[in-house]
Amino acid sequence: MKEWNHEFALEFGLRVQQMIKNKKLKAVGIRITYKDLLIFQYLMDGKKEDTWLKRKERTVLESGCSSYEVFLNKNQYSSWIDNDNYAICGGGYPIIENGNCVGAICVSGLKHDEDHQLIVDILKEMEVL
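Residues numbered from 1 in each chain as written. Predicted model: local features only at pLDDT ≥ 70, side-chain atom pairs only at ≥ 80, totals over all residues. Heavy atoms only, no water.

Trainee: Give a description of the pairing of strand E2 (residues 37–43) that names residues and reports values.
Mentor: With six bridges connecting them, strand E1 (residues 29–34) and E2 associate as antiparallel partners. When the sheet's bridge partners are listed, Ile30 is paired in E2 with Tyr42. Linking E1 to E2, which pair antiparallel, is a turn of two residues; within it Lys35 sits at a positive phi near 50°. (Pairing = 2+ DSSP bridges. Helix = DSSP H or I, 4+ residues; strand = E, 2+ residues; numbered from the N terminus.)

Trainee: Break down the pairing of E1 for me, with residues and values.
Mentor: Burial of E1 is extensive: six of the six residues sit out of reach of the surface. Two elements, E1 and strand E4 (residues 100–108), share six bridges in a ladder whose sense is antiparallel. Residue pairing for E4: Thr33 is matched across the bridge by Ala104. (Buried < 20%, exposed > 50% of the residue type's maximum accessible area, 1.4 Å probe, protein only.)

Trainee: Quick rundown of the packing of aromatic side chains? Include the residues and the values.
Mentor: Tallied over the entire structure, the rule returns five aromatic pairs. A network of ring pairs unites the aromatic residues Trp4, Phe8 and Tyr34 as a single cluster. Here Arg55 stacks its cationic end above the ring of Trp52, 4.2 Å away from the centre of that ring. (Phe/Tyr/Trp six-rings, centres within 6.5 Å; stacked < 30°, edge-to-face > 60°. Lys NZ or Arg CZ within 6 Å of the ring centre and 35° of its normal.)

Here is the structure:
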């Protein structure tokens, strides 16, 4: 597995952007935080805000798992469902080091399960999963 660092986040973000262009998908926003730092964010043309990215990030950081996993287990997170600070949908993925969630990779703009799958596909391509 590759070591997580700021350069890895840049490579990840650029791969997402390239995959979106190659597959002619809808524009997305990408946000990566690591150890309390925003280390990558890109809003493709047409994306004007990052509200959903921040909500997905908070969901990941506070749950310690993907936002899609939270969606699949929403009964455990019922207090978050109507809370505008969280996103009970796919598109947020945890960065785990030594068993702790230390960051989040978030994509927003496609259907929520497609946002999640895009993250997973890129992480597999980069030989992280």
